[in-house]
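Tertiary structure, described
Take a look at the letters that make up each chain.
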Amino acid sequence: MPELPEVETVRRGIEAPLRNQQISRMIIRDPRLRWPVDDALPAQIASATVSGVSRRAKYLLVETDRGRLMVHLGMSGRLYFVPAGTPAGVHDHIDWELTNGQALRYTDPRRFGSVHWLLPESSGHALLDHLGPEPLSDDFTGELLYQRSRKRSSAVKTFIMDGRIVVGVGNIYANEALFRAGIHPKLAAGKVSRPRYEKLATEIKLVLSEAIAQGGTTLKDFLGGDGKPGYFKQELSVYGRGGLHCLRCDTLLKEIRLGQRATVFCPSCQKR
């Protein structure tokens, strides 16, 4: 599933070509996404002019003079540009045609993504209202993690992947940040000290920033809005490397399942 760096990469790839463009029409070929696409949406968005593209957690927000288009890529969704009228493949579910002759196409083989319309007077959405702070913002700090973790017995890895605590710290980057901070992923969140949370918050910010700079992480089929893969895979220290030697101390990395997710750590570098 695309994580925050991958979604941010898509945002950067589509924002400039979309900005100040007018949407001439929206074509829905298959509305059966995670939630059915509202059949009133084409009429609502027709003739809207795009002012920019923002991101909240893993949601892309296309800002227009009529409202906001909120898109989630799910597990396999892609957004990219094609000439308007380009024949659609079986998984090409939606096109937003622009008056400049291009179209923003949404492709999603697994159909776990979603598309919603937020009216101008709407300040929020049920999918956004419960979310924690952005990890790259000043609101996200080690002190916040420390305060919210008190008396929690859940594993620290599970804790930092909870979108109500902080958004966008997906499985890949949780593994990497915990390794860099020297924290065992199974350690109870409530037992992590304030200084160690300060270190972890710093490493979360760094690993996400570095991944964004590399265009995200392509493990299988992720492509950014410009059609290019992400190159952060080459920088991964633990994720996907279970059973291999630690790049820091040469100890064999261990892989376990934690919260139904693959978790890789170094028994030497990440002691409790």
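Let us look at the structure shown here. None of these values were measured; they are calculated from a predicted model. (Residues numbered from 1 in each chain as written. Predicted model: local features only at pLDDT ≥ 70, side-chain atom pairs only at ≥ 80, totals over all residues. Heavy atoms only, no water.)

**With respect to the packing of aromatic side chains**
- For the coordinates displayed, the defined rule picks out 1 aromatic pair.
- A cation over a ring is seen here: R78 above Y80, with NZ or CZ 4.3 Å from the ring centre.
- A cation over an aromatic ring shows up here: R248 above the ring of F179, its NZ or CZ 4.3 Å from the ring centre. (Phe/Tyr/Trp six-rings, centres within 6.5 Å; stacked < 30°, edge-to-face > 60°. Lys NZ or Arg CZ within 6 Å of the ring centre and 35° of its normal.)

**Topic: the pairing of strand β7 (residues 102-107)**
- When you tally the buried positions in β7, you get 5 out of 6 residues, the bulk of the element.
- The pairing of strand β5 (residues 78-83) with β7 spans 6 bridges and is antiparallel. In the sheet register, Y80 faces β7, and the bridge partner there is R105. (Buried < 20%, exposed > 50% of the residue type's maximum accessible area, 1.4 Å probe, protein only. Helix = DSSP H or I, 4+ residues; strand = E, 2+ residues; numbered from the N terminus. Pairing = 2+ DSSP bridges.)

**Some thoughts on the packing of helix α3 (residues 142-149) against helix α6 (residues 194-213)**
- At their nearest, the axes of α3 and α6 sit 7 Å apart, and the two run at 130 degrees to each other. Classified by the angle between their axes, α3 and α6 sit oblique to one another. At the point where α3 passes α6, the crossing takes the right-handed sense. Where α3 approaches α6, its residues G142, E143, L145, Y146, Q147 and S149 are matched on the opposing element by R194, Y197, E198 and A201.
- Grouping the amino acids of the contact of α3 with α6 by side-chain chemistry returns 4 nonpolar, 3 polar and 3 charged. (Axes fitted to C-alpha atoms, helices over the stretch in contact; angles between N-to-C directions. Parallel < 35°, antiparallel > 145°, perpendicular 65-115°, else oblique. Left-handed = near helix turned anticlockwise from the far one by under 90°. Contact = heavy atoms within 4.5 Å. Nonpolar A, V, L, I, M, F, W, Y, C, P; charged D, E, K, R; others polar.)

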